[in-house]
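What follows is the residue order along each chain.
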Amino acid sequence: MCGIAGVMTVDGTPPAAATLDRLERALAHRGPDGHGRLVRGDTALVHTRLAIIDLTTGDQPLFDKGGAALVANGEIYNHPELRQGLLADADFATHSDCETILPLYRRYGLDCLAHLRGMYAFALHDPDAGSLFLARDPFGIKPLYYTEGAFGFAFASEPQALIAAGLAAAEVERRAVGELLQLQFTTGADSIFKDIHRLLPGEALLVKGGRVTERRRQPALPAGRPKAMSEVAALAELDRVLTDSVLVHQRSDVPYGLFLSSGIDSTAILAVMARLNDS
């Protein structure tokens, strides 16, 4: 769990250092292992790091040779396969799983999301295009919030960071209060605060000149009807898919564990972890 935040101004002036300081302090609890910052033209990026993969060279922002800069929260599970296959000719500077986003963006633009397997929220600044590209994983595991105002556009991993930085007001949306009390969360793109919105699961935004210029969204589930198969075949396929998923989730440079609720889902995951870690 890292923290990411950033600002793009409308008038082209650099975001104020005091604003970035407040964003960083508000997200410090998400990233106790380090912090990084980029201020370039009308755009600034902020990152607080919880180190999981590439403890030595994985500090963010991450950069490519063309000058694109990335801050990300999450994990790209298929980064070894990307490095060995689709991105075998890429020139990597770190062993960070998130660095794979940069060459994918250079090759496919916003369509790069189709090649990512993981849980993520990220922001990528392309100085040549003068754009800020934000995206959230298809299941919406990692959060990402944004606000727009006279100053321009700002985003953060948590709404409270935008409020603490003075970029959005702590004005509550009355309709959302009832939803929050009933469901313990709010649905859709609206947060409990009037001026703060969330990227939807699988949504991508392109921001230029401090304003959103394009939106895209990719579905979490594959198209088509459910496959017909026997019970034996279905159980075998479930075992294969679950084993593969647990295996890639265990890619880490630090110790990992499991929160066990004793339900059938976490128990099944524990059984697979025990099988994979038996040796």
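The preceding data block contains the structure.
Since the model is a prediction, treat every value here as computed from it, not as a measurement.

Engineer: Go over the packing of aromatic side chains, please, and point to the residues and values.
Structural biologist: Counted by the stated rule, this structure contains four aromatic pairs. Summarising the aromatic geometry, the rings of Y146 and F153 are spaced 5.6 Å apart at their centres and angled 20° between planes, so their arrangement reads as stacked. The burial state of Y146 is the same as that of F153; both residues are buried. Taken together, the ring pairs connect Y105, Y120, F122 and F133 into an aromatic cluster. For R83, the ring lying beneath its charged end belongs to F92, and the centroid distance is 4.1 Å.

Engineer: Kindly report on the nonpolar core, identifying the contributing residues and their values.
Structural biologist: One recurring pattern in soluble globular proteins: nonpolar side chains tend to sit buried together. Grouped together as the largest cluster of nonpolar side chains are 23 residues, with contacts concentrated most on L70, I101, L113, L116, F122, L124 and F133. Contributing elements (two or more residues each) for this core: β5 (69-76), α3 (101-108), β6 (118-126), β7 (131-136) and β11 (203-208). With four residues, the single largest contributor to this core is α3. If you look at the next biggest cluster of nonpolar residues, it comprises 18 residues, including L23, A44, Y145 and L167.

Engineer: Summarise the pattern of salt bridges; cite the residues concerned and give the values.
Structural biologist: Any two side chains of opposite charge can pair, on the condition that their charged atoms come close. For the structure on display, the rule yields 19 salt bridges. Taking the shortest distance from any N to any O, the salt bridge between E24 and R37 comes out at 3.2 Å. A residue pair is termed long-range when its members are at least 10 positions apart, and E24 in helix α1 (residues 17-26) and R37 in strand β2 (residues 35-40) qualify at 13 residues. Here E24 falls in the buried class, since its relative accessible area comes to 16%. With relative accessibility at 32%, the residue R37 sits in the partly exposed group. Here R216 makes a salt bridge to E214, at a shortest N to O gap of 2.9 Å. With a relative accessible area of 29%, E214 lands in the partly exposed category.

Engineer: Describe the sheet that holds strand β10 (residues 197-198), listing the residues and the values that go with them.
Structural biologist: What holds strands together in a sheet is hydrogen bonding between their backbones, with the strands either parallel or antiparallel. Pairing within the open sheet is antiparallel, and its six strands lie in the order β2-β3-β1-β9-β8-β10. The open sheet has two free edges, formed respectively by β2 and β10, since each of these has just one partner strand. Sheet topology places strand β1 (residues 3-9) next to strand β3 (residues 43-48); six bridges connect them, and they run antiparallel. In the strand pairing of β3, A5 is matched with V46. Running over the sheet, α1 touches β1, β2 and β3 and is turned about 155° from β2.

Engineer: So, the environment of S245: which residues are in play, and what are the values?
Structural biologist: Counting through the fold element by element, S245 comes out in helix α6 (residues 231-249). Taking the C-alpha atoms as reference points, S245 and V272, 27 residues apart in sequence, are found 9.8 Å from one another.

Engineer: Could you give me a rundown of α6, with the residues and numbers involved?
Structural biologist: If you check α6, its first and last C-alpha atoms are 27 Å apart, about what 19 residues at 1.5 Å a residue would give, namely 27 Å. Taken residue by residue, α6 has T243, V246 and V248 as its buried positions. Against β5 and α7 (264-276) lie the buried residues of α6.

Engineer: An account of the sheet that holds β5 is needed here, citing residue identities and associated values.
Structural biologist: Pairing in this open sheet of six strands is antiparallel, and the strands run β4-β5-β6-β7-β11-β12 from one edge to the other. A strand with exactly one partner marks an edge of an open sheet, and here the two such strands are β4 (62-63) and β12 (211-217). Pairing analysis gives five bridges linking β7 to β11, with the strands arranged antiparallel. Residue pairing for β11: A135 is matched across the bridge by A204.

Engineer: Let's hear about the pairing of strand β8 (residues 145-149): which residues, and what values?
Structural biologist: With four of five residues buried, β8 is to be regarded as a mostly interior element. With two bridges joining them, β8 and β10 adopt antiparallel strand pairing. Directly across from Y146, in β10, lies its bridge partner H197.

Engineer: Could you give an account of the environment of R211, with specific residues and numbers?
Structural biologist: By secondary structure assignment, the location of R211 is in strand β12. The exposure class of R211 is partly exposed, given its relative accessible area of 33%. Separated by 59 residues in the primary sequence, R211 and G152 place their C-alpha atoms 6.4 Å from one another. Beyond its immediate sequence surroundings of up to four residues, R211 is in contact with V10, E148, G149, A150, G152 and L206.

What counts, and where the lines are drawn
Residues numbered from 1 in each chain as written. Predicted model: local features only at pLDDT ≥ 70, side-chain atom pairs only at ≥ 80, totals over all residues. Heavy atoms only, no water. Phe/Tyr/Trp six-rings, centres within 6.5 Å; stacked < 30°, edge-to-face > 60°. Buried < 20%, exposed > 50% of the residue type's maximum accessible area, 1.4 Å probe, protein only. Lys NZ or Arg CZ within 6 Å of the ring centre and 35° of its normal. Core = buried A, V, L, I, M, F, W, Y, C linked by side-chain atoms within 4.5 Å. Helix = DSSP H or I, 4+ residues; strand = E, 2+ residues; numbered from the N terminus. Salt bridge = Lys/Arg side-chain N within 4 Å of Asp/Glu carboxyl O. Pairing = 2+ DSSP bridges. Contact = heavy atoms within 4.5 Å. Axes fitted to C-alpha atoms, helices over the stretch in contact; angles between N-to-C directions. Expected span 1.5 Å × (residues − 1).

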